[in-house]
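Below are the chains, spelled out letter by letter.
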Amino acid sequence: MPRSVNAVASRARRKRVLKLAKGYFGRRKNVWTVAKNAVEKGLVYAYRDRRQKKRNFRALWIQRINAGARLHGMSYSQFMGATKKAGIELNRKVLADLAMNHSEAFKAIVEKVK
């Protein structure tokens, strides 16, 4: 009896991976073995960086709040401690946006917590 191979599924799998490799440079986009490795590596980076993105944005917000607070004579840790004590329930994302784009509103918050 001849060997049975599921060519339809194999071709579909290769086609799916090569579609994910679209836009890559050189052999990474059209040679199966190279494209498979490149796509696997890319998916690993995507998984990892979905988590890192959250860390990076939090760090950015902290830097912006720190810069805004220092303009008004407070450090970041002093400002955040004072906001918690004053019962202001704004998160870092909103505070960073206020510090960057609405300096009067941020100044009002700093004056309230001082």
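Above this note sits the structure.
For every chain, the first residue of the written sequence is number 1, and numbering continues from 1 onward in sequence order. With pLDDT at 70 or above as the cut-off, local features in this predicted model cover only qualifying residues; side-chain atom pairs require 80 or more to be listed or tallied, and sums for whole chains, interfaces and linings still use all residues. Note: side-chain values were computed over all heavy atoms of the structure, leaving out hydrogens and water.

Side note on the overall build of the protein
Keep this limit in mind: Runs of H or I in DSSP of at least four residues are treated as helices and runs of E of at least two as strands, each being numbered from the N terminus. To sort residues, take the accessible area from a 1.4 Å probe on protein chains only and compare it with the maximum for the residue type: under 20% means buried, over 50% means exposed, and anything in between is partly exposed. Any pair of residues with heavy atoms lying within 4.5 Å of one another is described as a contacting pair.
Of the regular secondary structure elements, the protein holds five helices and zero strands. Of the regular secondary structure in the protein, the N- to C-terminal order runs α-α-α-α-α. Along the longest, intermediate and shortest principal axes, the C-alpha atoms of the protein span 85 × 30 × 20 Å. Expressed as a percentage of its 114 residues, the buried residues of the protein come to 23%. Counting contacts in the protein only where the partners sit at least 6 residues apart, residues at least 24 apart contribute 41% of the total.

Remarks on the nonpolar core
The criterion, for reference: Only buried Ala, Val, Leu, Ile, Met, Phe, Trp, Tyr and Cys residues count toward a nonpolar core, and they belong to the same one when joined by side-chain atoms within 4.5 Å.
Ranked by size, the top nonpolar core spans 16 residues in total, and within it Ile65, Met74, Phe79 and Phe106 carry the most contacts. Of all the secondary-structure elements, those providing two or more residues to this core are helix H2 (32-71), helix H3 (76-86), helix H4 (92-101) and helix H5 (103-113). With near-sequence residues (within four places) excluded, Phe79 lies in contact with Ile65, Ala69, Met74, Leu95, Phe106, Ile109, Val110 and Val113.

Brief notes about a positive patch on the surface
Selection criterion: Each patch is assembled from residues with relative accessible area greater than 30% and no salt bridge, linking like charges that lie within 9 Å and nonpolar side chains (Val, Leu, Ile, Met, Phe, Trp, Tyr) that lie within 5 Å. For every accessible area listed, the method is Shrake-Rupley and the probe measures 1.4 Å; residues are considered covered only by the protein chains on display. Whenever a carboxyl oxygen of Asp or Glu lies within 4 Å of a side-chain nitrogen of Lys or Arg, that contact is scored as a salt bridge. By the counting rule applied here, Lys and Arg register as positive and Asp and Glu as negative, while His and the ends of each chain are not counted. Charge positions come from single atoms, namely NZ of Lys, CZ of Arg, CG of Asp or CD of Glu.
Taken together, the side chains of Arg11, Arg13, Arg14, Lys15, Arg16, Lys19 and Lys22 define a basic patch exposed on the protein surface. Owing to a relative accessible area of 71%, Lys22 belongs among the exposed residues under this scheme.

Section: the packing of helix H1 (residues 7-20) against H2
To keep it simple, the criterion reads: Inter-axis angles, ranging from 0 to 180 degrees, are taken between N-to-C directions of lines fitted to C-alpha atoms, where helices are fitted over the stretch in contact. In this scheme the crossing of two helices becomes right-handed for a clockwise turn of the near helix relative to the far one and left-handed for an anticlockwise turn of less than a right angle. Residues are grouped as follows: nonpolar covers Ala, Val, Leu, Ile, Met, Phe, Trp, Tyr, Cys and Pro; charged covers Asp, Glu, Lys and Arg; every other residue, Gly included, is treated as polar.
At a minimum axis separation of 9 Å, H1 and H2 run at an interaxial angle of 60°. Handedness of the H1/H2 crossing: left-handed. Where H1 abuts H2, its residues Arg13, Arg14, Val17, Leu18 and Leu20 lie against Trp32, Ala35, Lys36 and Val39. Grouping the amino acids of the contact of H1 with H2 by side-chain chemistry returns six nonpolar, no polar and three charged.

Some remarks on the environment of Trp61
Topologically, Trp61 is positioned in helix H2. Among the residues examined, Trp61 registers a relative accessible area of 22% and is labelled partly exposed. Distance in space between the C-alpha atoms of Trp61 and Arg3 is 61 Å, their sequence separation being 58 residues.

Here we look at the packing of H3 against H5
When two helices pack together, their arrangement is captured by the angle between the axes and the distance separating the axes. This is how it is decided: In this scheme, roughly parallel covers angles under 35 degrees and roughly antiparallel covers those over 145, while 65 to 115 is roughly perpendicular and the rest are oblique.
The N-to-C vectors of H3 and H5 enclose an angle of 70°; their axes lie 9 Å apart at closest approach. By the criterion of interaxial angle, the relationship of H3 to H5 is roughly perpendicular. Contacts between H3 and H5 involve Phe79, Ala82, Thr83 and Ala86 from the former and Phe106, Ile109, Val110 and Val113 from the latter. Here the contact of H3 with H5 is built from residues that sort into seven nonpolar, one polar and no charged.

Topic: the packing of aromatic side chains
Inclusion rule: Only rings of Phe, Tyr and Trp enter the pairing, Trp through its six-membered ring, and a pair is recorded when the two centres are within 6.5 Å. The plane angle decides the type: under 30 degrees is stacked, over 60 is edge-to-face, the rest tilted. Geometrically, a charge over a ring is one whose NZ (Lys) or CZ (Arg) sits within 6 Å of the ring centre while staying within 35 degrees of the ring normal.
If you walk through the whole model with that rule in mind, you get two aromatic pairs. Taken together, a centroid distance of 5.2 Å and an interplanar angle of 45° make the contact between Phe79 and Phe106 tilted. Taken together, the residues Phe79 in helix H3 and Phe106 in helix H5 connect sequence positions 27 residues apart. Exposure class is identical for Phe79 and Phe106. Each is buried. Against the face of Tyr24 rests Arg28, its NZ or CZ located 5.6 Å from the ring centre. One cation-aromatic arrangement involves Arg51 over Tyr47; the distance from NZ or CZ to the ring centre is 4.0 Å.

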